[in-house]
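A closer look at the structure
Below, each chain spelled out in residue letters.
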Amino acid sequence: MHESRADIEALQQVLDKSYAGAGAHLLSIHTPERRLPADQVAERLSGMCLLALATATADGRPLVGPVDGVFYRGAFHFGSSGDSVRFRHIRARPHVSATHLPGEELAVTVHGLAIPVDVRAAANAGFRQALLEVYVPRYGEEWEQFLDSGPLYARIDAERMFAFAITAA
C-alpha cells in the first residue's frame, strides 16, 4: 500500500459522494455492508489489477479494452503505447471509465479524467518505483529500460468511484 492518510481520506470522500448520488438499482446491490471503505480498497488493489478501460470515439461510441492497472496514492494508473487508439482518444476526450472485476466477489469501478503521468519526472519517482516493484519481478531488470523508452501512463482522477465486495467488513 502506497497511500498516505490524506490519500485514504480523499478516496473515502469520493466514495461517499459517489454513493450519495447513486441510483436506486446500484444501491440495492451495493448495500452498506458490501461497500468497501477506502482503506480496504487500497489494501485489495495491491500489485497489478487488470482493468477494463473505456474511452470514447469522436462520434461518442464507447471502446473498452484491457489494461494493466496499478492503484497508487488512491488512484488507478494505467499504461499503453503512445500511438495506441486508447491514448488518441484520451488526448481528444480525457473522460474514461474503468472497472476492476476479478470475479463476482469484488468490483471497483471509477469514472473520471485520464491525466498523463511522466514516469521519468522526479515528481513521479514514487509511482515509477511502484511500477518497478510490480514489473521487474515478472519481467526482469530490463523492464526498466522498456519503461524509459516505451509506454505512456495516465492516472484516473476519480469523479465517481464504487467499490463492492461480497465479503466486505
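As shown above, the structure is provided for reference.
Here is a short report on the structure shown in this document. (Residues numbered from 1 in each chain as written. Predicted model: local features only at pLDDT ≥ 70, side-chain atom pairs only at ≥ 80, totals over all residues. Heavy atoms only, no water.)

1. Looking at the nonpolar core
Formally: As used here, the term nonpolar core means buried Ala, Val, Leu, Ile, Met, Phe, Trp, Tyr and Cys residues forming a set that is joined through side-chain atoms within 4.5 Å. Burial status follows relative accessibility: with a 1.4 Å probe on protein chains alone, a residue under 20% of its type maximum counts as buried, one over 50% as exposed, and anything between as partly exposed. Per the convention used, a helix needs a DSSP run of H or I reaching at least four residues, while a strand needs a run of E reaching at least two, with both numbered from the N terminus. By the convention used here, residues are in contact when the closest approach between their heavy atoms is within 4.5 Å.
Residues Val41, Phe71, Phe76, Phe78, Ile156 and Met161 are the most contacted members of the largest nonpolar core, which totals 28 residues. The leading source of residues in this core is strand β6 (residues 152-165), at 5 residues. Among all residues touching Val41, those that are not within four sequence positions of it are Leu11, Leu15, Leu36, Phe71, Met161 and Ala163. Judged by nonpolar contacts, the second largest core, of 14 residues, contains Val70, Val117, Leu132 and Tyr135.

2. Quick notes on the packing of aromatic side chains
Rules: Stacked, tilted and edge-to-face are the three classes assigned to paired rings of Phe, Tyr and Trp, where Trp is represented by its six-membered ring and a pair needs centres within 6.5 Å; plane angles under 30 degrees give stacked, over 60 edge-to-face, the rest tilted. Criterion for a charge above a ring: Lys NZ or Arg CZ within 6 Å of the ring centre, and within 35 degrees of the ring normal.
Tallied over the full model, the rule gives 8 aromatic pairs. Judged by centre distance (6.1 Å) and plane angle (10°), the ring pair of Tyr135 and Tyr139 falls under stacked. Of this pair, Tyr135 and Tyr139 both sit in helix α5 (residues 125-139), 4 residues apart, which is roughly one turn of that helix. A relative accessible area of 3% means that Tyr135 is categorised as buried. Under the relative-accessibility criterion, Tyr139 is labelled partly exposed at 47%. Arranged with centres 4.7 Å apart and planes meeting at 20°, the rings of Tyr135 and Trp143 form a pair that is stacked. In this structure an aromatic cluster arises from ring pairing among Tyr135, Tyr139, Trp143 and Phe146. Its end group placed over the ring of Tyr19, Arg35 keeps NZ or CZ at 4.4 Å from the ring centre.

Don't take any of this as a statement about function, it's just geometry.
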